[in-house]
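Chains, contacts and geometry: an overview
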2 protein chains.
Amino acid sequence: MAVKILLYDDNEALRQSMETLLGEEPDLEFIAGIPNAETVETDVRELKPDVVLMDIDMPGVNGVEAVRRIRRIAPQLPIIMLTVFDDNENIFRAICAGASGYILKRYASIEIPSAIRNVLTGGAPMTGTVARKVLQMIPPANNSDQEKTDLSQKEISILQLLVQGFSYKMIAAQLKISHDTVRFYIKKIYDKLHVHSATEAVSKAIKDGLV
Amino acid sequence: MAVKILLYDDNEALRQSMETLLGEEPDLEFIAGIPNAETVETDVRELKPDVVLMDIDMPGVNGVEAVRRIRRIAPQLPIIMLTVFDDNENIFRAICAGASGYILKRYASIEIPSAIRNVLTGGAPMTGTVARKVLQMIPPANNSDQEKTDLSQKEISILQLLVQGFSYKMIAAQLKISHDTVRFYIKKIYDKLHVHSATEAVSKAIKDGLV
DNA sequence: GTACTTACTACATGATAATGTAGTGGACGT
DNA sequence: ACGTCCACTACATTATCATGTAGTAAGTAC
């Protein structure tokens, strides 16, 4: 049985050409091309596609939001994003929303059939530049791994409270130590973190995963 | 001029077959196959490869560590990892270390030549299952985060400076607005974020990806 | 035009933070 | 017993922040 493919794209010409393109593949079946994703949940439920091709840039419900909606009702359904831009922002959003692949339209005509087969066998088809960008999203992490600023247990707990927006007074009350002691520790924290204000300390703490 | 390729793999047979394989590609030149990565820095400096193929599982200096070392002296040199296992741990480590691609050995014979060309044109060649795993590493994040606190452009830029630890004065100077205006905006930010201090605002800004 | 919103500036006041200096008492090694 | 760390407390000073109230100029809405 042929693989049923559902396409979302607001561009009439693209829907046409995609239908033609997929028509030439005997194992792939273009079942519908829909110009907007307003009714994406019912579409998916009724048409039961095996793969969804989703334009990222549509009026009304955009592609990323559509992916989110699909994921709520069909967590495993492969969704391949189609887009003209390979900007980080959209790629990141789409992937967080649960897209399975990400292909640039300009390569779509040659890549789509194999991308569909790829995604069905557990792959994640991506245009080369997109793959590179995805890799860059992974924390460039502990390369020069961290002379991890070693804060004492007490310093860490104070830093945590600071991150939660506690004032010195509140921290003192919480930890049952004097207000001045809180300041004493916070000063030490500043020294170790090489910062000079609570906001910097909080920023660094979160970004460096100290809390 | 042919693309110069340097291979690291402790398996003699694999080095042989890779040399044979690449010998059939006129645009690719196998310059060396080295069984261990002890001297990877000097190797790279002297042989000046255009692409490195790196086995991930070698005795002594392993592939991931080798990537780290190469990255210190050649941040841009494409490195494609070769491995028999597509376990998350290794993939993650290699990518964090700065690998450019990740290919399973069992597919290497058919994928390597195109992977090399891919990586040279800015791509990130990955075996399908690896690509899928890489996507899964991205935080499944803010699906339901929504009601995205919509800060104005100016509010965001002020928030960014705040996150960097700037004082009101510094922000005012930076943005060439009055000190009081900074406070005016920060108050609005607090309102929108439902916080009452700079530390809370910074914390929320970072955690919610507002900056 | 009047009403209303935006973007910005101004002044005032009490609270909080940042930094310095200094002292206590207990735990440590020698 | 000696010095000397460490954890904690204390006091003082200046800078900065949080919040309120209020006013101006420009732009929009009707």
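Before reading on, note that the structure itself is shown above.
Basis of the calculations
- Residues numbered from 1 in each chain as written.
- Chains lettered and ligands numbered in written order.
- Predicted model: local features only at pLDDT ≥ 70, side-chain atom pairs only at ≥ 80, totals over all residues.
- Heavy atoms only, no water.
- Near = heavy atom within 4 Å.
- Polar contact = N/O pair within 3.5 Å; in protein donor to acceptor, adjacent residues only side chain to side chain.
- Helix = DSSP H or I, 4+ residues; strand = E, 2+ residues; numbered from the N terminus.
- Pairing = 2+ DSSP bridges.
- Axes fitted to C-alpha atoms, helices over the stretch in contact; angles between N-to-C directions.
- Contact = heavy atoms within 4.5 Å.
- Core = buried A, V, L, I, M, F, W, Y, C linked by side-chain atoms within 4.5 Å.
- Buried < 20%, exposed > 50% of the residue type's maximum accessible area, 1.4 Å probe, protein only.
- Right-handed = clockwise from strand over helix to strand, strands pointing away.

1. A look at the protein's contact with DNA strand D
- Taken together, 18 residues form the shell around DNA strand D, and within it A:Thr181, A:Tyr185, B:Tyr168, B:Lys169 and B:Arg183 come nearest.
- Take the atoms of DNA strand D that sit within 4 Å of the protein: sugar and phosphate atoms are 64% of them.
- Within the backbone of A:Ser178, an N or O atom sits 2.9 Å from a phosphate oxygen of DNA strand D.
- One of the side-chain N or O atoms of A:Asp180 is found 3.1 Å from a base nitrogen in DNA strand D.
- The set of elements that each furnish at least two residues to the surface near DNA strand D consists of α9 (179–193) of chain A together with α8 (168–175) and α9 (179–193) of chain B.

2. Details of the sheet that holds strand β3 (residues 51–55) of chain A
All names here are of chain A.
- In spatial order, the strands read β2-β1-β3-β4-β5; together these five strands make up an open sheet with parallel pairing. Edge positions in the open sheet fall to β2 (28–34) and β5 (101–104), since each of these has one partner strand only. Adjacent strand axes in the sheet meet at a mean angle of 25 degrees, parallel and antiparallel pairs treated alike.
- Sheet topology places strand β1 (residues 3–8) next to β2; six bridges connect them, and they run parallel. In the sheet register, Leu6 faces β2, and the bridge partner there is Ala32.
- Contacts from helix α1 (residues 12–23) reach β1, β2, β3 and β4 (79–83), with the element oriented near 170 degrees to β2.

3. Digging into the nonpolar core
- One finds A:Met54, A:Met126, B:Met54 and B:Met126 to be the most contacted residues of the largest nonpolar core, which totals 66 residues.
- By size, the runner-up hydrophobic cluster in this structure holds 42 residues, among which are A:Ile158, A:Phe166, A:Ile206 and B:Tyr185.

4. Focus on the pairing of strand β5 (residues 101–104) of chain B
- Of the two faces of β5(B), the one carrying B:Gly101 and B:Ile103 and the one carrying B:Tyr102 and B:Leu104 are both buried.
- Read from strand β4 (residues 79–83) of chain B through helix α4 (residues 88–97) of chain B to β5(B), the crossover connection turns out right-handed.

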